[in-house]
Amino acid sequence: MKTTLEIQNLKCGGCANTIITKLSDLEFVDDVVVNNDDNSVAFSYKNEETLNAVKNLLAKLGYPEVGDKNALTTKAKSFVSCAIGRMNS
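What counts, and at which threshold
- Residues numbered from 1 in each chain as written.
- Predicted model: local features only at pLDDT ≥ 70, side-chain atom pairs only at ≥ 80, totals over all residues.
- Heavy atoms only, no water.
- Core = buried A, V, L, I, M, F, W, Y, C linked by side-chain atoms within 4.5 Å.
- Buried < 20%, exposed > 50% of the residue type's maximum accessible area, 1.4 Å probe, protein only.
- Helix = DSSP H or I, 4+ residues; strand = E, 2+ residues; numbered from the N terminus.
- Contact = heavy atoms within 4.5 Å.
- Pairing = 2+ DSSP bridges.
- Axes fitted to C-alpha atoms, helices over the stretch in contact; angles between N-to-C directions.
- Parallel < 35°, antiparallel > 145°, perpendicular 65-115°, else oblique.
- Nonpolar A, V, L, I, M, F, W, Y, C, P; charged D, E, K, R; others polar.
- Expected span 1.5 Å × (residues − 1).
- Arc of directions from axis to C-beta.
- Polar contact = N/O pair within 3.5 Å; in protein donor to acceptor, adjacent residues only side chain to side chain.

Draft legend 1. Seen up close, the nonpolar core. Ranked by size, the top nonpolar core spans 21 residues in total, and within it I7, I19, L23, V41, F43, L58 and Y63 carry the most contacts. Of all the secondary structure elements, the ones that give two or more residues to this core are α1 (13–24), β2 (29–35), β3 (40–45) and α2 (48–61). Top element by residues in this core is α2. It accounts for five residues. Setting aside residues up to four positions removed in sequence, Y63 forms contacts with I7, Q8, N9, L10, C15, I19, L58, S78, S81 and C82.

Draft legend 2. Representation of the pairing of β3 in the model. Most of β3 is tucked away, with five of its six residues classed as buried. Where β2 meets β3, five bridges bridge the pair, whose relative direction is antiparallel. Each residue of the ladder has a partner; that of V29, found in β3, is Y45. Where β2 folds back on β3, the antiparallel hairpin that results is connected by four residues, among which N39 adopts a positive phi of roughly 55°.

Draft legend 3. Representation of the packing of α2 against helix α3 (residues 72–87) in the model. Following both chains from N to C, one finds α2 and α3 inclined at 85°, their axes separated by 7 Å at the closest point. Judged by the inter-axis angle, α2 sits roughly perpendicular to α3. Packed against α2, whose contacting residues are A59, K60 and L61, the element α3 presents T74, K77, S78 and S81 at the interface. In terms of residue class, the contact of α2 with α3 is built from two nonpolar, three polar and two charged.

Draft legend 4. Spotlight on α2. Helix length check: α2 (14 residues) gives 20 Å between terminal C-alpha atoms against 20 Å at 1.5 Å per residue, within 8%. By the burial criterion, the buried members of α2 are T50, L51, V54, L57, L58 and L61. Take α2 and look down its axis: the buried residues cluster within an arc of 125°, on one side only. When the buried face of α2 is taken as reference, the exposed residues oriented beyond 90 degrees from it are E49, N56 and K60. Those residues of α2 that are buried lie in contact with β1 (2–6), α1, β2, β3 and α3. The backbone nitrogen of E49 has a side-chain oxygen 3.2 Å away, supplied by the residue at the start of α2, namely N47. A positive backbone phi angle near 105° is found at G62, which sits one or two residues after α2.

Bear in mind that shape data such as this cannot, by itself, settle questions of function.
And the structure:
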């Protein structure tokens, strides 16, 4: 199955690099594409359990789905994820 999620706190290529790297490490997740222009991440996944794992990981990294809680601590996590993504690019 394929889906696209609109996410919060996506700022740059560093963010995108972290998201692609981390989601690609998940079992049963493939074809990860991040679009900074519309704040989205698209990917293929096996089942609902895998989709939930992706959503949980995105939130943990600081990129919750639009409509989900986006506390100051979540925004701070996205800055850390962004910095890591820039260093690893």
